[in-house]
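Close look at the chain arrangement
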Amino acid sequence: MDWVFVGASTIAAQHMLNAVRQQPGHDVTWIVSNSPERVQVWADDHGIACATTNLSEALSDSKVKAVYISSTNEKHHAQAMAAISAGKHVLCEKPLGMTQEEAIEMVRAAEAADAVFGTNHHLRCSGSHRAIRDLIAAGRVGQVLSLRIHHAVHLPGNLQGWRINDAGAGGGVIPDIVVHDADVTRFLLQEDPASVVAQMASSGMGQGVEDSCMSVWTMPSGAMVMTHESFTHPFAGSGLEVHGTHGSIFAKGIMTQSPVGDITLVTEDGQENISYSDHDLYVQGVSEFVAAATGQGRPAADGPDGVKSLSVALCVRKAAATGQRVDVDYGGF
């Protein structure tokens, strides 16, 4: 099927174009951007036939069956609603919207239109995260007692812009990275955070938005989750640890867009290096979205997954702003 890309973004260029074109019979035939100059240059650079600043023009193409949205966060809701109204399947970047209400409306509209709606949470598509999930599910660490995620990196200059200085566009490390860690937690532990406490700060990069955050989440099972997200840590690395009654998992360098990093399982029997598939995360995610669009299975992360990751992030921000513990409300999902 043909696709419309909404947003001439870095992620679209570096990852999603290839992911769509790896699907037999699929191609991106339209690029939509607010900038007339940028959209035509982007189309020429990437071999896309049609470029426009008018989303309705692209959506009117009857050959188009799917829309991928990677614009700035404040545009997601209106663009997704337009695509759904036009009868298209939608794959949207995270966070789905600026508010939980926006995200819920998008997901409910897709359900009513019988359209497939996916959230582009790429980490759950990686071989590393799926291997960790399988270790937990197989009982290799016993009962999970805690999960630690450190996702403190240095945001590259080409990705800074609105992420570090525009709250109105959805800037800040919390909407950008906490949503990832919320989805990873839900994916690995198969349960939803119940309450959060948090602190946030601007530590040198954020201009009117937070660039660093730490939080602790309680889970219904009794497990505790500790997360650290930042845009300002050039040498901290990233990874996660899962600690249970029978073992621990140490995963380094896996919170990335590439199939890299190391996983070690430690039990009373010693240390075991865990192998995993090195497939392309985005190709996998698009493949599962395409299958869902043809009635086979569901997207790797669907609409409710996107609502829930956003809900956690919003509660982290509220907890950090108020200094109070916040119970997470998932809006009926």
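The coordinates are above.
Residues numbered from 1 in each chain as written. Predicted model: local features only at pLDDT ≥ 70, side-chain atom pairs only at ≥ 80, totals over all residues. Heavy atoms only, no water.

Considering the overall build of the protein
Condition: Helix numbering and strand numbering both begin at the N terminus, where a helix is a DSSP run of H or I of at least 4 residues and a strand a DSSP run of E of at least 2. Every radius of gyration here is taken over C-alpha atoms, with the globule rule written as 2.2 Å times N^0.38, N being the number of residues. Accessibility here uses a 1.4 Å probe with only protein chains present; expressed as a share of the type maximum, an area under 20% marks a residue as buried, one over 50% as exposed, and anything in between as partly exposed. We call two residues contacting when some pair of their heavy atoms lies within 4.5 Å. The method behind every accessible area is Shrake-Rupley, applied with a 1.4 Å probe, and residues are considered shielded solely by the protein chains displayed. In this tally, Lys and Arg are treated as positive and Asp and Glu as negative; His is ignored, and so are the chain termini. The atoms used to mark charge sites are NZ of Lys, CZ of Arg, CG of Asp and CD of Glu.
Within the protein, the regular secondary structure consists of ten helices and 15 strands. Rg of the C-alpha trace for the protein: 20 Å, near the compact-globule value of 20 Å for 333 residues, within the 12% margin. With respect to the principal axes defined by its C-alpha atoms, the protein has extents near 60 × 40 × 40 Å. Sorting the 333 residues of the protein into buried and exposed places 55% on the buried side. Pairs at least 24 residues apart make up 68% of the contacts formed inside the protein by residues separated by at least 6 positions. Accessible surface for the protein amounts to roughly 13700 Å². Of this, 49% is attributable to carbon and sulfur atoms. The centroid of the 21 positive side-chain charges in the protein is displaced by 2 Å from the centroid of its 36 negative side-chain charges.

Topic: the packing of helix 4 (residues 76–85) against helix 5 (residues 100–113)
The packing of two helices is summarised by the inter-axis angle and the distance between the axes. Test applied: Every angle, taken between N-to-C directions, lies between 0 and 180 degrees, and every axis is a line fitted to C-alpha atoms, over only the stretch in contact when it is a helix. Here the angle decides the label: under 35 degrees means roughly parallel, over 145 means roughly antiparallel, 65 to 115 means roughly perpendicular, and every other value means oblique. Polar here means any residue outside two lists: the nonpolar Ala, Val, Leu, Ile, Met, Phe, Trp, Tyr, Cys and Pro, and the charged Asp, Glu, Lys and Arg; Gly therefore counts as polar.
Relative orientation of the contacting elements helix 4 and helix 5 amounts to 5°, with a least axis distance of 10 Å. By the criterion of interaxial angle, the relationship of helix 4 to helix 5 is roughly parallel. Judged by residue contacts, His76, His77, Ala80, Met81 and Ile84 of helix 4 engage Glu102, Glu105, Met106, Ala109, Ala110 and Ala113 from helix 5. Residue classes in the contact of helix 4 with helix 5 are distributed as seven nonpolar, two polar and two charged.

Remarks on empty space enclosed by the protein
Cut-off, in case you're wondering: Think of a 1 Å grid over the protein atoms and nothing else: a 1.4 Å probe that fits but is trapped marks a cavity, an open set flanked by protein within 12 Å on at least five of seven lines marks a pocket, and residues with an atom within 4 Å of a point count as lining. Grid points are joined across faces, edges and corners, and a volume is the space filled by probe spheres set on the points.
In total, this model carries one cavity of 30 Å³ or more according to the counting rule given. As a volume, the largest cavity reaches approximately 60 Å³. Lining the largest cavity we find Leu91, Gly118, Thr119, Asn120, His121, Cys125, Gly285, Phe289, Pro299, Ala300 and Ala301. Those elements that provide at least two residues to the lining of the largest cavity are strand 6 (117–119) and helix 9 (281–293).

A word on the nonpolar core
Spelled out, the test is: Nine residue types can take part in a nonpolar core, namely buried Ala, Val, Leu, Ile, Met, Phe, Trp, Tyr and Cys, and a core is a set of them joined through side-chain atoms within 4.5 Å.
Core analysis: the largest hydrophobic core is formed by 48 residues, its most contacted members being Ile132, Leu240, Val242, Ile249 and Val316. Top contributing element to this core by residue count: helix 8 (residues 173–189), with ten residues. Beyond its immediate chain neighbours, meaning those up to four positions away, Ile132 contacts Leu188, Leu240, Val242, Ile249, Ala251, Ile254 and Ile263. Judged by nonpolar contacts, the second largest core, of 26 residues, contains Ala58, Leu59, Ala83 and Val307.

Looking at the packing of helix 1 (residues 10–21) against helix 9
Stated precisely, the cut-off is as follows: Note: crossing handedness is left-handed where the near helix turns anticlockwise from the far helix by less than a right angle, and right-handed where it turns clockwise.
Contact pair helix 1 / helix 9: the axes reach a minimum separation of 8 Å and the direction vectors enclose 55°. Accordingly, the angle class assigned to the pair helix 1 and helix 9 is oblique. The interaxial crossing formed by helix 1 with helix 9 has right-handed handedness. Residue-level contacts link Ile11, His15, Met16, Asn18, Ala19 and Val20 of helix 1 to Tyr282, Val283 and Val286 of helix 9.

Considering the packing of aromatic side chains
In this description, an aromatic ring pair is defined by two values, namely the gap between the centres and the angle between the planes. Rules: Only Phe, Tyr and Trp rings are paired, with Trp represented by its six-membered ring, and only when their centres lie within 6.5 Å; those with planes under 30 degrees apart are stacked, over 60 edge-to-face, the remainder tilted. Charge-over-ring contacts are defined here by two conditions on Lys NZ or Arg CZ: a distance within 6 Å of the ring centre and an angle within 35 degrees of the ring normal.
For the structure shown, the criterion picks out two aromatic pairs. Consider the rings of Trp3 and Phe289, whose centres lie 5.6 Å apart with planes at 50°: the pair is tilted. Pair noted here: Trp3 is in strand 1 (residues 2–6) and Phe289 is in helix 9, with a separation of 286 residues, a long-range link. Judged by its relative accessible area of 0%, Trp3 falls in the buried class. In this arrangement the basic side chain of Lys308 is found over the ring face of Tyr330, its NZ or CZ atom lying 5.7 Å from the centre.

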